[in-house]
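Spelled out, the chains give:
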Amino acid sequence: VTISIGTRVKVRRDPDFGPGPWPAEPTATVIGPPQVVEGRNGALTTYWVEFDEPQTDADGDGPYATSQVLEKYLELEGA
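Only a predicted model underlies this, so the values are computations on that prediction, with no experimental measurement involved.

The next subject is the overall build of the chain. The number of helices and strands found in the chain is zero helices and six strands. Starting at the N terminus, the α and β elements of the chain follow one another as β-β-β-β-β-β. On C-alpha atoms alone, the chain measures out to a radius of gyration of 12 Å, which is about the 12 Å that the 2.2 N^0.38 rule sets for 79 residues. Counting only C-alpha atoms and orienting by the principal axes, one finds that the chain spans roughly 30 × 30 × 20 Å. Buried positions account for 28% of the 79 residues belonging to the chain. Just so you have it, the chain exposes about 5,000 Å², and 48% of that area is on carbon and sulfur atoms. Across the chain, 6 positive and 13 negative side-chain charges occur, with their mean positions spaced 5 Å apart.

I3, V9, V11, W22, A28, V30, Y47, V49, F51, V69, Y73 and L74 together form the largest nonpolar core, which totals twelve residues. With three residues, strand 4 (residues 42-55) is the single largest residue contributor to this core.

Attention shifts here to the pairing of strand 4. For strand 2 (residues 27-30) and strand 4, the ladder comprises three bridges, and the chain directions are antiparallel. In the strand pairing of strand 4, A28 is matched with F51. Relative to strand 4, strand 3 (residues 35-39) is paired through five bridges, and the arrangement is antiparallel. Each bridged residue has a counterpart across the sheet, and for E38 the counterpart in strand 4 is A43. Hairpin remark: strand 3 followed by strand 4, antiparallel, with two residues in the connecting loop. Where strand 4 and strand 5 (residues 64-70) come together, six bridges link them in antiparallel fashion. The partner of Q55 across the bridge, within strand 5, is Y64.

The next subject is the side chain of T7. Turning to its location among the elements, T7 is positioned in the segment before strand 1 (8-11). On the basis of relative accessible area, T7 is assigned to the buried category, the value being 13%. When near neighbours in sequence (up to four residues on either side) are disregarded, T7 contacts T2, A28, T29, V30 and L76.

What the rule picks out here adds up to two aromatic pairs. The interplanar angle of 85° and the centroid separation of 5.9 Å between the aromatic rings of W22 and Y64 together place this pair among those described as edge-to-face. Placement of W22 in the loop between strand 1 and strand 2 and of Y64 in strand 5 is noted, with a sequence separation of 42 residues between them. The class of W22 is buried, set by a relative accessible area of 6%. Residue classification places Y64 among the partly exposed residues on the basis of a relative accessible area of 33%.

On average, residues of the chain carry a pLDDT of 92, and 99% of them reach 70 or more. Looking over the chain, one finds the lowest element-wise mean pLDDT in strand 3, namely 91, and the highest in strand 2, namely 98.

Scoring rules and cut-offs
- Throughout this document, residue positions are counted from 1 along each chain, in the order its sequence is written.
- Per-residue local features are limited, in this predicted model, to residues with pLDDT of at least 70; the limit for side-chain atom pairs, both in listing and counting, is 80 or more; totals at the level of whole chains, interfaces and linings are taken over all residues.
- The side-chain values count all of the structure's non-hydrogen atoms but skip hydrogen atoms and water molecules.
- Secondary structure counts use DSSP, requiring at least four H or I residues in a row for a helix and at least two E residues in a row for a strand, with both numbered from the N terminus.
- The globule rule used for comparison is 2.2 Å times the number of residues to the exponent 0.38, while the radius of gyration itself is calculated over C-alpha atoms.
- Here's how the labels work: a residue is buried when its accessible area is under 20% of the maximum for its type, exposed when over 50%, partly exposed in between, all with a 1.4 Å probe on protein chains only.
- For every accessible area listed, the method is Shrake-Rupley and the probe measures 1.4 Å; residues are considered covered only by the protein chains on display.
- Positive charges come from Lys and Arg alone, negative charges from Asp and Glu alone, with His and the N- and C-terminal ends not counted.
- Throughout, a charge is located at the NZ atom of Lys, the CZ atom of Arg, the CG atom of Asp or the CD atom of Glu.
- We call a set of buried Ala, Val, Leu, Ile, Met, Phe, Trp, Tyr and Cys residues a nonpolar core when their side-chain atoms join them within 4.5 Å.
- Only strands joined by at least two bridges in the DSSP assignment are considered to pair.
- Here a residue-residue contact requires only that any non-hydrogen atoms of the pair lie within 4.5 Å.
- In summary, the pairing rule links any two rings of Phe, Tyr or Trp, Trp by its six-membered ring, whose centres are within 6.5 Å, and it sorts them by plane angle into stacked for under 30 degrees, edge-to-face for over 60 and tilted for everything else.
- pLDDT is a residue-level measure of predictor confidence that goes from 0 to 100.

Written out as structure tokens, the structure is:
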């Protein structure tokens, strides 16, 4: 699956991390190219997204208009 700038996505919850990171499972648009960050278990791919509506995260912080989101939480809209 190719995710590029302008791709419409749904940000999924993490089934192993309670309701996190974005409990409302918002829709968004990818606004930046992929970036690789180092995690505890190696390299992870992230994307910057702009939410359709500002979102509150699982910790109750926000609302945020944009966020860097791990690729594993992104699903192509309508998939």
